[in-house]
Amino acid sequence: MKRWIAAAALAMAGVTAASFAAPPAAELLLTGVPIQGGTLLGTAPKGTVELRFNGQLVPVDADGRFLIAFDRDAVPQARLTGRLADGTLLDRAFAVAPRDWRIEQVDAPLRPTKNTEAFLALRKPELEQIAAARDVVTDARGWRQRFIWPRIGRLSGLFGSQRIYQGQPGAYHSGVDVAGATGEPVVAPADGVVILAADHPFTLEGNLLMIDHGHGLNSAFLHLSRIDVIPGQHVIQGQRIGAVGATGRATGPHLHWGMKWNDARIDPLLLAGPMPPN
């Protein structure tokens, strides 16, 4: 499957697809560019009975297809190892390109988080619901698709951007923000299964919707004004799933789209490609 990569991100990293040549056909085949916040589609040789990425077990479909991804702060080196049914060992090491993140220096102290007892009492069960949702394993196969944007509009926030307050780093932005008006539709970027549809606004995320795309890849949509699907529901790419809003901790209506592969936070822009024109 052809993988769309955001040209700007790759240019900043000084990486091209040609710089990541495929190995011989008998080895592990990878499609894409290994870069912080990015993903790779792969094909394992016939007869692969185990595959691991940096020691983590990776599911492999019957046709050998698999997915791996790189956290925003992924280290420069990565390794795929595997084993065939006949005992043959697979081993592939490769470099992970760094990203030039948008960093803003702020001449003011970092404000302390308001972790009051009342806030923590509300937050704990929310975090437990989010963690439980990410533990759900589904039969979704959206990870094999070319992703689309869940909302077309101006990008108002980039993945990985961060503010440094008098030398003290704040939390980096964990997704992409798309500007929009309250009530404008949000669609599924790929096929998947709903793993969380909050029945009330969460303290930070507001009306939160999470969709599993299979093989450890999931999407989270924050601040929605409405959720149009229910837990366990299968959705298809392009299906309406909710609407833009400003619920939770938001300064105005917009869509925050975050993505994770297992524990790695990844950049939706590298999966969906450049934002199409309105």
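Residues numbered from 1 in each chain as written. Predicted model: local features only at pLDDT ≥ 70, side-chain atom pairs only at ≥ 80, totals over all residues. Heavy atoms only, no water.

> Just to check I follow, could you spell out the pattern of salt bridges for this structure?
Any two side chains of opposite charge can pair, given that their charged atoms come close. Throughout the structure, instances matching the rule amount to 14 salt bridges. Glu-184 serves as the salt-bridge partner of Arg-151, at 2.9 Å between the closest nitrogen and oxygen. You can see Arg-151 sitting in the loop between helix 2 (117–134) and strand 9 (155–157) and its partner Glu-184 sitting in the loop between strand 12 (175–179) and strand 13 (185–187), a full 33 residues away along the chain. Two residues, Arg-226 and Asp-228, come together in a salt bridge whose shortest N-O distance is 2.7 Å. Residue Arg-226 is classed as partly exposed on the basis of its relative accessible area, which comes to 34%. Several salt bridges share partner residues, and in doing so they unite Asp-61, Asp-63, Arg-141 and Arg-144 into one network. (Salt bridge = Lys/Arg side-chain N within 4 Å of Asp/Glu carboxyl O. Helix = DSSP H or I, 4+ residues; strand = E, 2+ residues; numbered from the N terminus. Buried < 20%, exposed > 50% of the residue type's maximum accessible area, 1.4 Å probe, protein only.)

> Help me out: how do you make sense of the packing of aromatic side chains in this one?
To describe a pair of aromatic rings, one takes the distance between the centres and the angle between the planes. Applying the stated criterion to the full structure yields seven aromatic pairs. Relative to Tyr-172, the ring of Phe-159 lies with its centre 6.1 Å away and its plane at 75°, an arrangement referred to as edge-to-face. Highlighted residues: Phe-159 in the loop between strand 9 and strand 10 (162–165) and Tyr-172 in the loop between strand 11 (168–169) and strand 12, separated in sequence by 13 residues. For Phe-159, a relative accessible area of 4% translates into the label buried. (Phe/Tyr/Trp six-rings, centres within 6.5 Å; stacked < 30°, edge-to-face > 60°.)

> Just to check I follow, could you spell out helix 2 for this structure?
A turn of α-helix holds 3.6 residues, and therefore any two residues three or four places apart point the same way. Helix length check: helix 2, at 18 residues, gives a terminal C-alpha distance of 26 Å against a target of 26 Å (1.5 Å per residue), a fit within 8%. Bending of helix 2 peaks at approximately 25° at the position of Arg-123, with proline Pro-125 no more than four residues after it. Along helix 2, the positions that sit buried rather than exposed are Phe-119, Arg-123, Glu-126, Ile-130 and Ala-133. The inward-facing, buried residues of helix 2 abut strand 14 (192–197) and strand 15 (207–214). (Expected span 1.5 Å × (residues − 1). Bend = angle between axes of the 7 residues up to and from the residue. Contact = heavy atoms within 4.5 Å.)

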